[in-house]
Amino acid sequence: MMELFRNAGMGWADYKSGGKMAAFLLIALLYLWFTGKAKEVRVLAVYASVSAVCCILPLTAVPLMLYQTKFYDYEWIWSLVPLTSVTAYGLTVFLAEQWERKDDGGRPRAVAVTLLLLLALLLGGSLGGDAEGRARENAERKEAYAVAGLLSENYPGEEICLLAPKSILEYVREADGGIRLAYGRNLWDESLNAYAYDTYDGKVSDLYRWMDWVEQSAGVWMPEEDKAEMFDTLERRMEDAAAMGVNCILFPSGVPGELTQHMEAALGISARRFGDYIVFTLF
Amino acid sequence: MRKNTFRDCLMIGEIGVIGLAEVSHLAAVFLKLSFTDCSRLYAVCLGVLAVSGIVFLTAGRKHIFPAFHRERQGDFLPGQRLLYVIFAMTVISQLIFIGMGNAIYRRGDMMAETVESFLVSDGIYQVNPMTGMPYTEGMPLRLKILCLPTLYASLCRWTGIAPAVMVQRIVPMAVLLSSYVSFSLLGRALFPGDGKKRAWFLLGVSVLLWVGAYRYGMVGFGLLCSGWQGVAVRGGVLVPWTLSLCLRRRRLGVFLCILAEACIVWTLYGCGVCLAVGAGVTVVQLLCRKLPGTSANGKTGHSAERGDAT
């Protein structure tokens with residue numbers, strides 16, 4: 001229970017940071033109440049005020065969190081608050097009044113007020129957001145789709161069970177449902193584990209860590225101890241992978257040649273160049 | 001039903017689509033039907049719904065369409081047309097944003113993989129969508145009975161569109177448009193007889209959806225970045241309509257929203273946000289009615305009802 005209270009308290013702190021929608025709601029409510037315009041929509045204004053207070057105070061937020069099941073995080077209790085509706089109502093009443101006023105500058109003043117309000121609203125969000133992160137994700141998605149397409153094209157009819165870098169596994173199942181995986185993205189996106197009772201055993205975690213080393217080895221630098229362990233455990237990891245049904249392994253093309261040779265020796269097959277990747281197939 | 005507007009009928013139809021998806025989905029889960037049979041069953045159900053809808057609209061056209069026509073052809077106040085043009089431009093920009101797919105948020109969500117799994121395995125949850133391997137321990141029943149994957153997979157099956165495109169682009173566009181239908185109904189309840197304020201309200205909503213796209217959990221974010229999710233449908237479509245229905249004292253529609261939410265979102269035994277909002281607004285309405293001088297209930301009671309007919 002204490003954890004729920006802590007989550008509720010921290011949840012509100014987190015909710016109001018980043019963007020200002022909650023602040024806009026409170027401003028709209030204050031405007032409606034203090035100008036007497038809330039009387040025109042008393043039911044909505046009272047409901048929105050009470051529900052917002054209930055979401056802000058940890059004592060009332062906790063029962064709401066329990067009500068919405070523990071499956072959802074704190075921010076979802078705000079679904080009970082008509083945040084967009086009431087803020088839009090406040091905006092409408094305020095702007096309509098500005099445009100109806102004939103005194104104090106008339107239309108130019110109304111235009112200026114509207115533009116300033118629009119600017120304040122847009123600045124209260126997160127203009128552009130994390131554009132860099134989105135661009136990276138999109139590039140990864142594109143790459144994964146291309147790889148899935150190449151696999152289907154090159155190995156038609158094969159029941160592929162793939163082991164590949166995380167960025168490929170992240171999207172490959174949505175690109176091609178026919179490709180099976182030793183582990184999916186619920187290994188690193190733990191919230192997905194709520195959708196199934198299935199769990200991964202230690203061998204899968206070891207394989208995931210090992211593939212992470214492989215990816216690092218294709219980069220500029222990796223710790224020597226990790227590199228040594230990657231080579232030492234290669235055969236064991238490949239045995240585990242084969243036991244899990246893996247029959248197609250993708251490495252980034254930048255991995256050391258020594259690693260490719262070790263893999264070829266361990267699997268008894270030749271690697272094949274596959275775009276920006278090296279592929280080892282067991283079928 | 002007599003005073004339902006055309007947009008109310010659209011919302012009822014949408015809930016009907018969800019309800020029939022749930023029926024087909026449950027039939028497939030409990031009777032262990034293949035996905036092909038499930039989608040055929042759903043197609044038949046949708047056909048029946050479409051015919052019933054046409055019959056209903058034809059029978060009730062005097063009550064439904066006159067209001068619709070008056071609304072479209074009625075006199076626009078000065079500036080109202082301009083507001084609607086700006087609103088339309090905002091909506092188009094949002095549709096383009098969704099269509100570009102540059103801000104798809106899929107953390108904690110596996111809808112595209114689930115739909116792909118249904119299509120490839122020709123079964124409902126025959127394999128774990130994350131790996132494509134058969135389940136070893138299974139999955140929660142409450143999750144298993146949610147119908148959106150079947151709805152989207154059926155759309156993919158009938159149209160041949162790839163699941164990722166259908167789920168992450170086309171469905172969110174449809175949900176966004178539904179959301180505006182829902183908010184326009186709320187606008188009618190809040191500003192009966194004032195078309196210009198309704199235009200301001202819709203424009204305000206469209207701007208706030210952009211503004212709210214900064215954070216997971218916001219209505220704007222749900223509609224623009226993950227519009228296929230049940231919580232996005234709930235927040236953008238069902239809750240505004242629930243509010244509008246409550247303000248117009250249409251309890252039957254609220255019941256439909258509660259059912260629809262139970263079909264698409266993991267709730268506490270069906271007790272979700274629509275029920276809480278419906279109950280909360282009803283309690284406030286009862287309290288307001290008992291307070292001296294507030295019996296008229298502002299614009300939320302009978303005047304709103306009148307607004308439907310204007």
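What you are looking at is a predicted structure, and each value in this text was computed from that prediction instead of being measured.

Time to look at the overall build of chain A. Within chain A, the regular secondary structure consists of 12 helices and five strands. A globule of 283 residues ought to have a C-alpha radius of gyration of about 19 Å, yet chain A, at 28 Å, is considerably larger. Judged by the C-alpha coordinates and their principal axes, chain A covers about 85 × 50 × 40 Å. Counting across all 283 residues of chain A, residues that qualify as buried make up 37%. Considering only contacts within chain A whose residues lie at least 6 apart along the sequence, 62% involve residues at least 24 apart.

This part covers the nonpolar core. Within soluble globular proteins, side chains that are nonpolar generally end up buried alongside one another. In this structure, A:L162, A:V172 and B:Y152 are the most contacted members of the largest nonpolar core, which totals 170 residues. Among the elements that line this core, the one with the most residues is helix α8 (residues 163–190) of chain B, at 12 residues. Counting the residues that make up this core, at least three belong to each of domain 1 (2–124) and domain 2 (133–281) of chain A. In contact with A:V172, other than residues within four places in its own chain, are A:A144, A:V147, A:A148, A:L162 and A:I179.

If you look at the interface, chain B gives 70 residues, while chain A gives 60 residues. Element by element, the count of residues in the side of chain B that touches chain A is highest for helix α9 (residues 195–211) of chain B, at 11 residues. Looking at the side of chain B that touches chain A residue by residue, the class counts come to 42 nonpolar, 19 polar and nine charged.

What follows deals with the pairing of strand β3 (residues 248–252) of chain A. Residue and element names in this part refer to chain A. With four of five residues buried, β3 lies mostly within the body of the structure. The pairing of strand β1 (residues 161–163) with β3 spans two bridges and is parallel. Looking across to β3, one finds that L162 is bridged to C248. The pairing of β3 with strand β5 (residues 277–281) spans five bridges and is antiparallel. Looking at β5, one finds that C248 is bridged to T281.

Here five strands make up an open sheet; going across it, the order is β2-β1-β3-β5-β4 (chain A) and the pairing mixed. Strand pairing shows two members of the sheet lacking a second neighbour, β2 (180–181) and β4 (272–274) of chain A, which therefore form its edges.

Once the domains are mapped, chain A shows domain 1 (2–124) and domain 2 (133–281). Relative placement of domain 1 of chain A and domain 2 of chain A: their C-alpha centres are 46 Å apart.

Take the environment of A:I249 next. All names here are of chain A. Inspection of the secondary structure puts I249 in strand β3. The sequence separation of I249 and Q98 amounts to 151 residues, and the corresponding C-alpha distance is 65 Å. With residues up to four places along the chain from it excluded, the contact list for I249 reads L163 and F280.

Packed helix pairs are characterised by how far apart their axes lie and by the angle those axes make with each other. All names here are of chain B. Direction vectors running N to C along helix α5 (residues 111–121) and α8 enclose 145 degrees, while the axes themselves pass 9 Å from each other. Regarding α5 and α8, the two cross each other, and that crossing is right-handed. Side by side, α5 and α8 meet where M111, A112, V115, E116 and L119 of the first sit next to P163, A164, V167 and Q168 of the second. Across the contact of α5 with α8, the residue classes tally to seven nonpolar, one polar and one charged.

Here we come to the packing of helix α11 (residues 230–247) of chain B against helix α13 (residues 273–290) of chain B. Residues and elements named next belong to chain B. Between α11 and α13, whose axes approach to 10 Å, the crossing angle comes to 25 degrees. Viewed along their axes, α11 and α13 adopt a mutual orientation that is roughly parallel. Here α11 and α13 pass one another in a crossing that is right-handed. Of the residues in α13, those touching α11 at R234, L238, V239, T242, L243 and C246 are V273, C274, V277, G278, V281 and T282. Looking at side-chain class alone, the contact of α11 with α13 contains eight nonpolar, three polar and one charged residues.

All names here are of chain B. Helix length check: α11, at 18 residues, gives a terminal C-alpha distance of 24 Å against a target of 26 Å (1.5 Å per residue), a fit within 8%. By the largest-angle criterion, L238 marks the main kink of α11, which is about 35 degrees, and a proline, P240, follows within four residues. Most of α11 sits out of view: 18 of its 18 residues are buried. In the segment just after α11, R249 is the residue with positive phi, at about 60 degrees.

Criteria and cut-off values
Residues numbered from 1 in each chain as written. Chains lettered and ligands numbered in written order. Predicted model: local features only at pLDDT ≥ 70, side-chain atom pairs only at ≥ 80, totals over all residues. Helix = DSSP H or I, 4+ residues; strand = E, 2+ residues; numbered from the N terminus. Rg over C-alpha atoms; globule rule 2.2 N^0.38 Å. Buried ≥ 20, exposed ≤ 12 C-beta atoms within 10 Å, placed from the backbone. Contact = placed C-beta atoms within 7 Å. Core = buried A, V, L, I, M, F, W, Y, C linked by C-beta atoms within 7 Å. Domains from an automatic or database assignment. Nonpolar A, V, L, I, M, F, W, Y, C, P; charged D, E, K, R; others polar. Pairing = 2+ DSSP bridges. Axes fitted to C-alpha atoms, helices over the stretch in contact; angles between N-to-C directions. Left-handed = near helix turned anticlockwise from the far one by under 90°. Parallel < 35°, antiparallel > 145°, perpendicular 65-115°, else oblique. Expected span 1.5 Å × (residues − 1). Bend = angle between axes of the 7 residues up to and from the residue.

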